[in-house]
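These are the residues of each chain, in order.
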Amino acid sequence: MNIYDIEETLKKEIENISEYIFNHPELGNEEFQSSQYLVDVLKSHGFDVEYPYCDILTSFRAEFKKGEGRKVAFLAEYDALPGYGPNKDEVAHACGHNWIAASCLGAAITLSKLENISGTIVVIGTPAEETTGGKCELVMKHAFDDIDAAIQMHLGAENNINVVTLAMDSIEFTFKGKASHAAAYPELGVNALDAVQLTFAGINALRQHMKADARVAGIITDGGMACNIVPDHASCQFYIRAAQREYVQILTEKIINCAKGACLMTGCEMDYRFFENSFDDLVYNEELRTDLKKSLNELGICSFVEDDSQASGSSDIGNVSHVCPTVYCELDTQANPKVYAHNEDFLEYVHGTNAEETLHIACKAMATTALHVLEGMKL
């Protein structure tokens, strides 16, 4: 049988994977039930599994070796998002990571049952994409050093094989001042909240001189305890993004200098830390991208948007792409009107009958491109 025929025999099981993960949503780094379920499925199909993997409790690495040759990896995600339901207090898969998990396992299992191929089929379970970025940590622990190609697909509002993801730093500033009575002895105080506000003012002035692709978003996380006390402690957090990692580093240094300047103006002391992993921009392997697009064309996906650089976020798959040939693609949910990830309406299109067609297209297309990698595609 060929890839399409094999995938057809697995359709119901692949759909069940998606439904199980959808119905058992868990936050990042808490995906114990989801990761165990995926591991059990892979073991049932003869994959050798290391779990936990790289000392990350909800990560795993599953391999199916079919002789010597290349290693191709499918990157499963399975963390969900908070803030859904009538009271906005539920966890739900409003980004479709249940679909990603099912499509990655479906492609890997399909390929493992194909005869006369040589190489190793790998599924790497990558937790916490929505928060700390599990792939960043896996890259730092050399999880992709032996991988010849990494493949992943995502649901979105259009077909896009030119997805842009921005490099990002996550930085927190904490200012220490001196408390005093704000009315009786204001001259004795050193106002940490002033330092936060001046940091924002400095960054806002800096915006005039940022590249067009740069994005800086921030919040005050601690602004004092009471109006009649000069705040002796205040803090703020920023996401700093741009199209290239090199420019993010330049911009981050300038923003640190804004905070240092606020200290000079107020007399505060300041510490800073990177409170989440730093994400890199996504670098495509052109051979993989061309092949995956051709695989999708053969499955009837022929209309692609050209550019989404004006509506870009960040993803930890960018870090993978800097150490391993990588391809990433979004498939249109086919919702009309369009729906977008992280919206409650998106939940209707990431599972059940609304997601079945896209799910099986993704499995077949990824398995086909992975086969071409094992067969010696130039990378």
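Look above for the structure.
In this text the structure is predicted, and so the values were computed from the model without any measurement. (Residues numbered from 1 in each chain as written. Predicted model: local features only at pLDDT ≥ 70, side-chain atom pairs only at ≥ 80, totals over all residues. Heavy atoms only, no water.)

Visitor: Quick rundown of the sheet that holds strand E8 (residues 167-176)? Include the residues and the values.
Guide: Overall, antiparallel pairing links the four strands, which are arranged E9-E10-E8-E11 in an open sheet. Whereas interior strands pair on both sides, the edge strands pair on one side only; in this sheet they are strand E9 (215-222) and strand E11 (269-274). Averaged over all pairs of adjacent strands, the angle between strand axes in this sheet comes to 20°, irrespective of strand direction. Examined bridge by bridge, E8 and strand E10 (residues 233-242) share 10 bridges and lie antiparallel to one another. (Pairing = 2+ DSSP bridges. Helix = DSSP H or I, 4+ residues; strand = E, 2+ residues; numbered from the N terminus. Axes fitted to C-alpha atoms, helices over the stretch in contact; angles between N-to-C directions.)

Visitor: Give me the nonpolar core: which residues, what numbers.
Guide: Grouped together as the largest cluster of nonpolar side chains are 90 residues, with contacts concentrated most on Phe-74, Leu-111, Phe-144 and Leu-296. Ranked by residues supplied to this core, first place goes to helix H10 (residues 353-374) with 12 residues. Residues in contact with Phe-144, not counting those within four places in the same chain, are Leu-75, Ile-124, Lys-135, Leu-138, Val-139, Val-320, Val-323 and Cys-324. Core analysis: the next-biggest nonpolar cluster, separate from the first, contains 30 residues, Ala-167, Val-248, Ala-259 and Cys-268 among them. (Core = buried A, V, L, I, M, F, W, Y, C linked by side-chain atoms within 4.5 Å. Buried < 20%, exposed > 50% of the residue type's maximum accessible area, 1.4 Å probe, protein only. Contact = heavy atoms within 4.5 Å.)

Visitor: Let's hear about the environment of Ala-128: which residues, and what values?
Guide: Relative to the elements of secondary structure, Ala-128 occurs in the loop between strand E6 (119-125) and helix H5 (134-140). Separated by 54 residues in the primary sequence, Ala-128 and Phe-74 place their C-alpha atoms 16 Å from one another. Contact partners of Ala-128, with chain neighbours within four places excluded, come to Gly-28, Asn-29, Glu-31, Asp-79, Gly-133 and Gly-134.

Visitor: Outline the sheet that holds E6, listing residues and values.
Guide: Strands sit in the order E1-E2-E6-E3-E7-E12 across an open sheet of six strands; the sheet is mixed. If you trace the sheet from one side to the other, it starts and ends with strand E1 (48-50) and strand E12 (326-332), each paired once. Between one strand axis and the next, the sheet turns by 20° as a mean value, whatever way the strands run. Relative to E6, strand E3 (residues 71-76) is paired through six bridges, and the arrangement is parallel.

Visitor: Explain the state of the cysteines to me, and be specific about the residues and the numbers.
Guide: A covalent bond between the sulfur atoms of two cysteines is referred to as a disulfide. The full count for this structure, using the stated rule, is zero disulfides. Its sulfur unpaired, Cys-236 is 10 Å from the next cysteine sulfur, which belongs to Cys-263. The buried category is assigned to Cys-236, whose relative accessible area is 0%. (Disulfide = S-S within 2.5 Å.)

Visitor: Give a description of the pattern of salt bridges that names residues and reports values.
Guide: Evaluation of the coordinates by the stated rule reveals 16 salt bridges. Two residues, Arg-245 and Asp-169, come together in a salt bridge whose shortest N-O distance is 2.9 Å. Residue Arg-245 is found in helix H7 (residues 245-266), and its partner Asp-169 is found in strand E8; the two are separated by 76 residues along the sequence. The exposure class of Arg-245 is buried, given its relative accessible area of 11%. Here Arg-289 and Glu-286 are joined by a salt bridge, their closest N and O atoms 2.4 Å apart. Here Arg-289 pairs with Glu-286, and both are found in helix H8 (residues 286-298), just three residues apart, close to one helical turn. Judged by relative accessible area, which is 42%, Glu-286 ranks as partly exposed. What emerges from the salt-bridge pattern is a single network uniting Glu-7, Glu-8, Lys-11 and Lys-364. (Salt bridge = Lys/Arg side-chain N within 4 Å of Asp/Glu carboxyl O.)

Visitor: So what's going on with the pairing of E3? Which residues, and what values?
Guide: Burial analysis of E3 places five of its six residues in the buried class, the great majority of the element. The pairing of E3 with strand E7 (residues 149-156) spans three bridges and is parallel. Across the sheet, the residue bridging to Val-72 is Ala-149, located in E7.

Visitor: Tell me what's going on with the side chain of Ser-235, and back it up with residues and numbers.
Guide: When you line up the elements, Ser-235 lands in strand E10. The buried category is assigned to Ser-235, whose relative accessible area is 6%. Within the local environment of Ser-235, its side chain forms a polar contact with the side chain of Thr-221, the two groups lying 2.8 Å apart. Setting aside residues no more than four positions away along its own chain, Ser-235 makes contact with Phe-173, Thr-174, Val-196, Ile-220, Thr-221 and Asp-222. (Polar contact = N/O pair within 3.5 Å; in protein donor to acceptor, adjacent residues only side chain to side chain.)

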